[in-house]
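Chain and residue survey
Chain by chain, the residues run as shown.
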Amino acid sequence: MILVLQQNNSSEEIQTLMDRLRELGLDGRVIQNANRTLIIVEGEIAPDHCGLLENDPAVELVVPTVDQPLPSRQPRGGETRQVLLRPGGFAIGGPKVGVIAGPCSVEDRSLLLEIAHAVKEAGAIGLRGGAFKPRTNPYSFQGLGERALEFLAEAREQTGLAIVTEVMSEDQAPLVARYADLLQVGTRNMHNFNLLSAVGRTGKPVLLKRGWSATLEELLLAAEYITSEGDSDVILCERGIRTFESYVRNTLALAVVPAIKQRSSLPILVDPSHGVGVANLVAPMCKAAIACGADGLLVEVHPRPEQALTDSSQTLSITQFQTLMEEVQRVAVAVGRD
Ligand code: PEP
Ligand code: MN
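Starting afresh in each chain, residues are numbered from 1 along the sequence in its written order. Here every chain gets a letter starting at A, and every ligand a number starting at 1, in the order they are written. Only residues with pLDDT of 70 or above have their local features reported here, since the model is predicted, and side-chain atom pairs are shown and tallied only from 80 upward, although totals for entire chains, interfaces and linings are computed over all residues. Water and hydrogen atoms were dropped before computing side-chain values, which therefore reflect all heavy atoms in the structure.

1. Examining the overall build of the protein chain
Scanning the protein chain from N- to C-terminus turns up 11 helices and 14 strands. In terms of principal-axis extent, the alpha carbons of the protein chain reach across some 70 × 45 × 40 Å. Burial status across the protein chain gives 54% buried among its 338 residues. Only DSSP runs of H or I covering at least 4 residues are called helices, and only runs of E covering at least 2 are called strands; the numbering of each starts at the N terminus. Exposure is judged per residue with a 1.4 Å probe applied to protein chains only, and the accessible area is read against the type maximum: over 50% gives exposed, under 20% gives buried, and values in between give partly exposed.

Laid out in structure tokens, this is it:
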């Protein structure tokens, strides 16, 4: 249910209405747009609530909505919504933990194919690789663009792995959606609301990375920009936040995983590569992520990490990745996952 408020309500009148919602066992989110204030009502809406709220002096109109709780708020008795990834149909959020691995950036065709076959062999279900790279320094390698998307599509054909790659701008969304199976929105763009809407319109599943200074609440609201467009499913991703700590690149906030499970039905992956930024800390954090309930991992892998064009210090070698996969499998089984 949505309440359209009278124009010119004071903040006290809005607060009184919010208190009234709470008395009715409901909750509400206030949305302020240019000329109107709306309240999205959440909770168990009873048939008489509509009439009661219509008579409230602060309310101009009550708009009933289809009885469909918001995806980011719907714990469904603790159940996680499953997001199917093509081409294999792997269900992220199901009983199996899914690992998506690959280079930070797609660097060339044969290297990508080599990595794709190796991570597939080790048990990955998806291949990650940036075609359009969000670089801090404008003179650093920016990615191969559409050529990289073609290489990724070829890797999918050869291995059956789902392709995960970043979309950086609204106008790229239709292009990347033609190639990728899961569209990544990176940490720097979590607050880019036009981009969120644009990826939501593609109908492809979206991997939404947490902004490095975003709260959990802001992450869930960003997810709603995507799901409210219609057809796109969202998988959240914890990838570390910025703190004063300097022995790691970011601080991986693993508590967000169980917190998301308590508040939302959206599946969540953890990206320890960006979360710590140091290769020898990636495996322990992968294991911790699975232990605390993550639905999967995003891991950077390269046959020669020291030569990787981007994020080389946090990238695992193929051998390190194979060992990691054996270790996380044991943790997954220990916590009742597959
Ligand atoms: C990436 O996955 O390579 C990446 C750039 O991630 P993030 O947006 O989390 O920094
Ligand atoms: Mn990277």
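2. Brief notes about the nonpolar core
Ranked by size, the top nonpolar core spans 75 residues in total, and within it Leu 208, Leu 236, Val 299 and Phe 321 carry the most contacts. Setting aside residues no more than four positions away along its own chain, Phe 321 makes contact with Val 99, Ala 101, Val 119, Ala 122, Ala 124, Val 299, Val 301 and Leu 316. Take the buried residues of types Ala, Val, Leu, Ile, Met, Phe, Trp, Tyr and Cys, join any two whose side-chain atoms come within 4.5 Å, and each joined set is a nonpolar core. Residues are treated as being in contact if the distance between any of their heavy atoms lies within 4.5 Å.

3. Quick notes on the pairing of strand E12 (residues 234-238)
Within E12, 5 of the 5 residues are buried, leaving the element largely enclosed by the surrounding structure. Judged by which residues are buried, E12 turns out to be covered on both faces: Val 234, Leu 236 and Glu 238 on one side and Ile 235 and Cys 237 on the other are all buried. Strand pairing requires that DSSP identify at least two bridges connecting the strands. For strand E11 (residues 206-209) and E12, the ladder comprises 4 bridges, and the chain directions are parallel. When the sheet's bridge partners are listed, Leu 208 is paired in E12 with Leu 236. Here the term right-handed applies to a crossover when the path leading from its first strand over the helix to its second strand runs clockwise, the strands being oriented away from the viewer. A crossover links E11 with its parallel partner E12, the connecting element being helix H7 (residues 216-227), and its sense is right-handed. Across 3 bridges, E12 lies against strand E13 (residues 268-270) in parallel orientation. Residue Glu 238 lies in a different strand from E13, and its bridge partner there is Val 270. What joins E12 to E13 is helix H8 (residues 256-263), and the crossover it makes is right-handed.

4. Describing the coordination of the manganese ion (ligand 2)
Coordination shells were defined by N, O and S atoms within 2.8 Å of each metal, extended to 3.2 Å for Na, K and Ca; water is absent from the atom set, which can make sites look incomplete. On the protein side, the manganese ion (ligand 2) has Cys 104 (SG), His 274 (NE2), Glu 300 (OE) and Asp 311 (OD) as donor atoms, found 2.0 to 2.4 Å from it. On the primary sequence, the residues serving as donors to the manganese ion (ligand 2) are separated as C-x169-H-x25-E-x10-D. Of this pair, Glu 300 sits in strand E14 (residues 296-300) while Asp 311 sits in the loop between E14 and helix H11 (318-334); the two residues are 11 residues apart in sequence, bridging distant segments of the chain.

5. What to know about the pattern of salt bridges
Basic side-chain nitrogens of Lys or Arg form a salt bridge, by our definition, when they fall within 4 Å of a carboxyl oxygen of Asp or Glu. Under the definition given, this model contains 17 salt bridges. Between Asp 181 and Arg 156 there is a salt bridge, and its shortest N-O distance comes to 2.8 Å. Of the two residues, Asp 181 sits in the loop between helix H5 (173-179) and strand E10 (182-185) while Arg 156 sits in helix H4 (residues 146-159), which places them 25 residues apart along the sequence. By the burial criterion, Asp 181 is buried, and Arg 156 matches it. With its nearest N and O atoms 2.7 Å apart, the salt bridge here joins Lys 209 to Asp 271. Placement of the pair is Lys 209 in strand E11 and Asp 271 in the loop between E13 and helix H9 (272-276), with a sequence separation of 62 residues. Neither residue differs from the other here; Lys 209 and Asp 271 are each classed as buried. Where salt bridges share partners, they join Asp 19, Arg 22 and Asp 27 into one cluster.

6. Side note on the side chain of Lys 261
Checked against the element boundaries, Lys 261 lands in helix H8. Judged by relative accessible area, Lys 261 falls into the buried class, the value being 19%. Polar contacts, as counted here, are pairs of nitrogen or oxygen atoms within 3.5 Å of one another; within protein the pair requires one atom able to donate a hydrogen and one able to accept it, and residues that are adjacent in sequence qualify only if both atoms are side-chain atoms. A distance of 2.5 Å separates polar atoms of two side chains, one belonging to Lys 261 and the other to Asp 295.

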